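# Chains, contacts and geometry: an overview
Okay, here's what each chain looks like letter by letter:
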Amino acid sequence: MPETKTTSAPAAAPVPEKQPVPQAALPKDEKTEKKSAEYRFPVGIVGVDMKEVEREVSANEPPPLPINEKLKVIGKPTPRLDGRAKVTGAAKYTADIKLSGMLFARMITSPHAHAKIKSIDTSAAEKHPRVKAIHILRNDHSEAQEQKEAGPAFAKIRYVGQPLGAVAALTQHDADEAARLVKIEYEVLPFVTGIEQSRKEDAPLIFEAPVEAKGSAGGGGGPAGVAQKGNVRGPAQQKRGDIDKGFSSSDVMIEADYRTQVQTHSPLETHGVVADWKPDQLTVYASTQGTDSVRDELAGVFKVKKSQVRVITEYMGGGFGAKFGAGNHGVLATHLSRKANAPVRLMLDRREQHLCVGNRPSSQQHMKVGAKKDGTLTALSLVNYGTAGVGTGAGATGPTQNLYTCENLLTEDYDVFTNAGPAAAFRAPGHPQGAFSLESAMDELAEKLDIDPLALREKNDESSARRAERKIGAEKIGWSARKPAGSTPGPVKRGMGVAQSIWYRFTNQDSHCQVRITRDGSVELLSSVQDIGGGIRTALAQVVAEELGLKPTDITIKIGDTNYPHGPASGGSVTTNSLTPAARNAAYAVRQQFLEQVAPQLHAKSEELSMSDGKISVTADGSRALTFKQAASKLKTDQISAQGDRKEDYVKTARKGKDRGHDSGGVGGVQFAQVAVDTETGQVRVERIVAVHDCGRPINPLALESQINGGIIQGISYALYEDRILDRQTGVMVNPNLDQYKIAGSMETPEIEIHLIEQYWGKSSTDAGPIGEPATVATAAAVANAVYNAIGVRVREIPMTPAVVLKALAEQRKLAKA
């Protein structure tokens, strides 16, 4: 693996004399004091523009933390608490669950892209000696086998791989064999897999009536109330100012088409569950990003109380946005468990994973940009047609709406239905597609204006964080030595490119933690939140340890179980921002209880005590102290505990003007790419990435670097390799595996250098922000801009395979001869 370099943000500026002291509240009248207090919070970018602002905080919340350099645990690189369990194989994933009498299941899926089911015959499978249960999905009115009711008994088939039912048997081999014995008679219908064909008036209809589709916790889904004609749903439109006036006042315009492909989620661990139905309790072990959302869905489907459903996810192997609900596989496994009166394990195989549980939609984007001679943007227009298969959520206009300041804007998103599996939220839904077109167009505009691409962005981007990030990244990559496009001699040409990203600061107030301390000195935190790889276990431990004066390894983190307090679903970069304030609030409340009970032992008042380095001591006299364990042994009861909730932000963010999508309302980053392009073979190799990002207060820089590394590698994979290919004659995916569906691996991973900006907003008790999305958003665009700088030919579609690059070079030669 190439070396990953990590450095800190610029050296911190001297701390102001009025740097907030956590215990110092401004005086308020007695009535108000009981409800809230005002504190001075650090706000700004460390080393750039730090200042203090006043915030009104609920009286039961802790006072503000100082900046990270004044803390002992938060902000310090901390190894993952679960790292050893994962690398040694001790960590139990859903596929590792083995229950007494457990059966194995296999789904029955459609081989056709579009069809009606005339009949299903399960008799041969039922006679299989090792089959214990079969369940076929039926339309709701037919579930009770009421044959006299009108309407088809089975759902219409709209894509290859659509789940129809499942079989449970004694072994996986038996289940696979029995699933093949189910005989289904189809009426095969005409189908369509491409956007252009599906938009035609005579195209086979995917849906006969308008449809709505909700998104998941990480995004996806289309807006409600949008027009639908034929297979096209839209436009979902955003307007600002007067677009015609904006273009008419421009001196220069760029107009071009950009295309992106369908990318499947491809987590190492496929979707799957182990369902164990009991008369009074359904227990489900699920590979999910949201234990509570799986519980809620199953409780609704099976009409039982939420308290009768328990969902457990101790560890999971990747989700990226597609693992929020129970899904057809979860519902089928539960039906089978109820019928067989035994636990049932249903893990999707790799083919099913590619076909039926999610993907990133494709896009066909028409981008138009107008600007003055000095680079000031006058108008931005983006019309996007994308397909989420039989789902919605193919929008790609977010970056155009929010990344740059432009008074006149028009964006239109259209969902085009095709006979393919439904999309799902995928790491920054719509933004890698949208950034690819917008950031490519910005580079094209810079060239037309003869302006440095960084200078053009500086002119139109009001984000103070990205301003600092551009400066750092340009220095680290050696931007000043960047050569003119296509000027490298020889067949292998090198180039540099840059692109920016944006994501939003979403907060889920339905985020709760319980922290408890027992007489033996044990400290536990409990929440139903699940760690999908971002390292929330360790971040929560750091927050609690900081508050209690302990080490992260002193804290036991229990998560991923709906029997614990409700935690947010892990997606959309919502988790750390939402849950760490709840964890700190809980730790602060239990700390107060702890100190009140321990104070008499030290002949002091609770407010005279401090907790640090594993000790409780009198602040004015350090010799009067107890170790944490000694103090815990003095508790009046065996356990004390407190629950913390995610309070509202101390200040609201108006997403307009300078606040639109950034600084106080979002995060982002600037990424620089260096590539080598072989003009004889068309092969593109990314040699180096410099990534500079902000995420509010960094809780664990080590985990943040890991997140950014992963986002970059996934973005390179999207830019150069991944592509779902459907056979136009059958609708079958021809590469539903990890052999022909190419994903970037260690050999394709470049040198990655990461720099974190430490930025404070003064908005919550931890001021932590999101990081999971931005690194993926900018990568493909940065690589594309670097490819142009290398070869002098603009590639406006991804993946930039050798064939695509050679085609672009050939077209340039043809134009040169004309």
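Residues numbered from 1 in each chain as written. Predicted model: local features only at pLDDT ≥ 70, side-chain atom pairs only at ≥ 80, totals over all residues. Heavy atoms only, no water.

By the element assignment, Asp461 lies in the loop between α12 (453-460) and α13 (464-477). One polar contact links Asp461 to Arg466, side chain to side chain, over a distance of 2.6 Å. At a separation of 2.9 Å, a polar atom in the side chain of Asp461 contacts the side chain of Arg470. In this structure Asp461 touches Leu403, Tyr404, Arg466, Arg467, Arg470 and Gln500, once residues within four positions along its chain are discounted. (Helix = DSSP H or I, 4+ residues; strand = E, 2+ residues; numbered from the N terminus. Polar contact = N/O pair within 3.5 Å; in protein donor to acceptor, adjacent residues only side chain to side chain. Contact = heavy atoms within 4.5 Å.)

The biggest cluster of nonpolar side chains holds 72 residues, and the ones touching the most others in it are Leu377, Leu445, Val675, Val783, Val787 and Met800. Ranked by the residues each element gives to this core, the list is headed by helix α18 (residues 774-791), at 12 residues. Excluding anything up to four places from it in sequence, Met800 contacts Val684, Ala719, Leu720, Ala780, Val783, Ala784, Val787, Val795 and Val805. Formed by 47 residues, the second largest nonpolar core is a distinct cluster that contains Leu525, Ile536, Val598 and Val618. (Core = buried A, V, L, I, M, F, W, Y, C linked by side-chain atoms within 4.5 Å. Buried < 20%, exposed > 50% of the residue type's maximum accessible area, 1.4 Å probe, protein only.)

Read from one edge of the open sheet, 6 strands run β9-β10-β20-β19-β18-β11, paired in mixed fashion. If you trace the sheet from one side to the other, it starts and ends with β9 (228-229) and β11 (252-260), each paired once. (Pairing = 2+ DSSP bridges.)

Tracing the sequence through the fold places Glu444 in helix α11 (residues 431-449). A relative accessible area of 12% places Glu444 in the buried class. At 2.9 Å, the side chain of Glu444 forms a polar contact with the side chain of Arg796. Excluding residues that lie within four positions of it along the chain, Glu444 makes contacts with Ile254, Ala256, Tyr258, Arg794 and Arg796.

A word on the pattern of salt bridges. One pass over the structure, following the stated rule, counts 36 salt bridges. A salt bridge links Glu439 to Arg457, with the nearest nitrogen and oxygen atoms 3.0 Å apart. Note that Glu439 is positioned in helix α11 and Arg457 in helix α12, a separation of 18 residues in sequence. Accessibility classification places Glu439 together with Arg457 in one group, the buried group. In this structure, the salt-bridge partner of Arg470 is Glu458, at a minimum N-O distance of 2.9 Å. Residue Arg470 is located in helix α13, and its partner Glu458 is located in helix α12; the two are separated by 12 residues in the primary sequence. For Arg470, a relative accessible area of 3% translates into the label buried. Shared partners join several salt bridges into a network, and the residues in it are Glu458, Asp461, Arg466, Arg467 and Arg470. (Salt bridge = Lys/Arg side-chain N within 4 Å of Asp/Glu carboxyl O.)

Residue alternation in β11 divides its side chains into a buried set, Val252, Ile254, Ala256, Tyr258 and Thr260, and an unburied set, Met253, Glu255, Asp257 and Arg259. Of the strand pairs in this sheet, β11 and strand β18 (residues 363-371) are connected by 9 bridges, and their pairing is antiparallel. Looking at the pairing, Glu255 lines up with Lys368 of β18.

Another aspect to go through is the pairing of strand β25 (residues 609-612). The alternating pattern of β25 places Leu609 and Met611 on a buried face, while none of Ser610 and Ser612, on the opposite face, is buried. One ladder, built from 4 bridges, connects β25 with strand β26 (residues 615-618); its direction is antiparallel. Pairing of Ser612 across the sheet is with Lys615, part of β26. Counted between consecutive antiparallel strands, the loop separating β25 from β26 contains 2 residues, among which Asp613 sits at a positive phi close to 55 degrees.

Within the secondary structure, Lys98 is located in the loop between α2 (83-88) and β4 (103-109). Residues Lys98 and Glu56, 42 residues apart in the sequence, show an inter-C-alpha distance of 51 Å.

What follows concerns α12. An α-helix turns once every 3.6 residues. As a result, residues three or four positions apart point the same way. Among the residues of α12, Pro453, Leu454, Leu456, Arg457 and Asn460 are the ones counted as buried. All buried residues of α12 project into a common sector of 160 degrees when viewed along the axis, lining one side. In the core, the buried residues of α12 are packed alongside β19 (377-386), α11, α13, β21 (492-504), β29 (666-678) and α18. At the N-terminal end of α12, a side-chain oxygen is found 2.7 Å from the backbone nitrogen of Leu454, two or three residues along, and the residue is Asp452. (Arc of directions from axis to C-beta.)

Glancing now at the sheet that holds strand β13 (residues 272-278). Reading across the sheet, the 7 strands line up as β6-β7-β4-β16-β13-β14-β15 and stay open at both edges, with mixed pairing between neighbours. Edge positions in the sheet fall to β6 (131-136) and β15 (309-312), since each has one partner strand and no second. Ignoring which end each strand starts from, the neighbouring axes of this sheet average 20 degrees apart. The pairing of β6 with strand β7 (residues 163-169) spans 5 bridges and is antiparallel. (Axes fitted to C-alpha atoms, helices over the stretch in contact; angles between N-to-C directions.)

Topologically, Ile536 is positioned in helix α14 (residues 536-548). For the pair Ile536 and Val73, spaced 463 residues apart in sequence, the C-alpha to C-alpha distance is 15 Å. Ignoring anything within four residues of it in the chain, the contact list for Ile536 reads Gln530, Asp531, Ile559, Thr575, Thr576 and Leu579.

This part is about the confidence of the model for the protein. On average, residues of the protein carry a pLDDT of 93, and 92% of them reach 70 or more. In the predicted structure, residues 1-33 sits below a pLDDT of 50 and forms 65 contacts with residues beyond four places in sequence or in another chain. Taken together, the stretch residues 141-149 has pLDDT below 50 and engages in 10 contacts with residues farther than four places along the chain or on a different chain. (pLDDT = per-residue confidence, 0-100.)

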